[in-house]
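# Structural characterization, general
Below are the chains, spelled out letter by letter.
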Amino acid sequence: VYNGRITYFFDEFVPLPVDSSTVDDVLADSSNYSLFNGALRFLELGDLTDVTYLAVPNNIFDDAYDDAGIVASVDSLGTADFDAAVMEEILNAHIITDVFFDVDLAAGVEFTDRNGNMVDIVSLTVQDGDGNDVASFGILQNDDGEITTVGFDLNNLNNLGSNGVYHAITGLLE
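Another point: the pairing of strand S8 (residues 164-168). Of all five residues making up S8, five are buried, and the element is well covered by its neighbours. Every second residue of S8 is oriented toward a common face, with Gly-164, Tyr-166 and Ala-168 on one face and Val-165 and His-167 on the other, all of them buried. Here strand S1 (residues 51-55) runs beside S8; their pairing, made up of five bridges, is parallel. Within the sheet, the bridge partner assigned to Thr-52 lies in S8 and is Val-165. As paired strands, strand S7 (residues 159-161) and S8 are joined by three bridges and run antiparallel to one another. Of the residues in S8, the one forming a bridge with Asn-159 is Tyr-166. Hairpin connection of S7 to S8: two residues between the antiparallel strands.

Let us now look at the side chain of Asn-159. Here Asn-159 shows up in strand S7. Overall, the relative accessible area of 17% leaves Asn-159 in the buried class. A distance of 2.8 Å separates a polar atom in the side chain of Asn-159 from a polar atom in the side chain of Asn-156. Non-local contacts of Asn-159, meaning those with residues more than four positions away in its chain, are made with Gly-164, Val-165 and Tyr-166.

A separate point is the environment of Thr-112. Looking at the element boundaries, Thr-112 is found in strand S3 (residues 110-112). For the pair Thr-112 and Thr-97, spaced 15 residues apart in sequence, the C-alpha to C-alpha distance is 6.0 Å. Other than its neighbours up to four places away in sequence, Thr-112 contacts Ile-95, Ile-96, Thr-97, Asn-117 and Met-118.

So, on to the side chain of Thr-22. In this structure, Thr-22 sits in the segment before helix H1 (23-27). Of the residues examined, Thr-22 reaches a relative accessible area of 15% and is grouped as buried. Those residues in contact with Thr-22 that sit more than four places away from it in its chain are Gly-46, Gly-161, Ser-162 and Asn-163.

The four strands are arranged S3-S4-S5-S6 in an open sheet whose pairing can be described as antiparallel. What marks the edges here is a single partner per strand, and that holds for S3 and strand S6 (146-151). If you compare each strand with its neighbour and ignore which way they point, the axes differ by 45° on average. Two elements, strand S5 (residues 133-143) and S6, share six bridges in a ladder whose sense is antiparallel. The partner of Ile-139 across the bridge, within S6, is Val-150.

Put simply, helix H2 (residues 34-42) and helix H3 (residues 58-67) touch, their axes get as near as 8 Å, and they point 45° apart. Of the possible angle classes, the one that applies to H2 and H3 is oblique. In this structure, H2 contributes Ser-34, Leu-35, Phe-36, Gly-38 and Ala-39 to the contact, and H3 contributes Asn-58, Phe-61, Asp-62 and Tyr-65. Of the residues belonging to the contact of H2 with H3, the class tally is five nonpolar, three polar and one charged.

Here we take up the layout of surface pockets. One number sums up the size of the largest pocket: a volume of about 400 Å³. Forming the walls of the largest pocket are 18 residues, and the residues nearest its centre are Ala-93, Asn-117, Gln-141, Leu-173 and Glu-174. At the level of elements, helix H4 (84-92), strand S4 (118-127) and S5 are the ones that each hand at least two residues to the lining of the largest pocket. With five residues, the top contributor of residues to the lining of the largest pocket is S5. For the lining of the largest pocket, a count of residues per class yields eight nonpolar, five polar and five charged. There is about 190 Å³ of room inside the second largest pocket. Around the second largest pocket, the lining residues are Val-126, Gln-127, Asp-128, Gly-129, Ser-136, Phe-137, Gly-151, Phe-152, Asp-153, Leu-154, Asn-155 and Thr-170. When the residues that make up the lining of the second largest pocket are grouped by side-chain class, the tally is four nonpolar, six polar and two charged.

Rules of the game
- Residues numbered from 1 in each chain as written.
- Predicted model: local features only at pLDDT ≥ 70, side-chain atom pairs only at ≥ 80, totals over all residues.
- Heavy atoms only, no water.
- Buried < 20%, exposed > 50% of the residue type's maximum accessible area, 1.4 Å probe, protein only.
- Helix = DSSP H or I, 4+ residues; strand = E, 2+ residues; numbered from the N terminus.
- Pairing = 2+ DSSP bridges.
- Polar contact = N/O pair within 3.5 Å; in protein donor to acceptor, adjacent residues only side chain to side chain.
- Contact = heavy atoms within 4.5 Å.
- Axes fitted to C-alpha atoms, helices over the stretch in contact; angles between N-to-C directions.
- Parallel < 35°, antiparallel > 145°, perpendicular 65-115°, else oblique.
- Nonpolar A, V, L, I, M, F, W, Y, C, P; charged D, E, K, R; others polar.
- 1 Å grid on protein atoms, 1.4 Å probe; cavity = no way out; pocket = protein on both sides within 12 Å on 5 of 7 lines; lining within 4 Å.
- Points joined across faces, edges and corners; volume = space filled by probe spheres on them.

Given below as structure tokens:
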């Protein structure tokens, strides 16, 4: 058992690093996730332990800033128009309450986010850079009866920090 998950003897055991670089420190190395990481840091959610962050790139996460009533800029956090409760709810949908790696992804697997909602994993077929169909996984969303999926960025998985891991996803979870 690792972080509350049963690990089979043939699964690769991946310990978290013991250095002091948390997931938000690792995210800080990529300017493509500055809006997501800036909100994590502002709301002091970047150093939670034994969690998985589902990081969203700037070109998509700017919608979360719109929902929170501010311009998509880290400098807008904390301004008078900023709705911290809305931003925290959005971020909590992107924080899974245990650590999981790409080898844990399978259709039908469920995780719980910090809002207490189930996050359902489904299998998807996506195209790689050469236009070939590739089996992948995504997150099922049900928005008032409209079923959609958000995929994982296959080139940006298993990014380790001392407090957990982050995987990049291709859409905003709501």
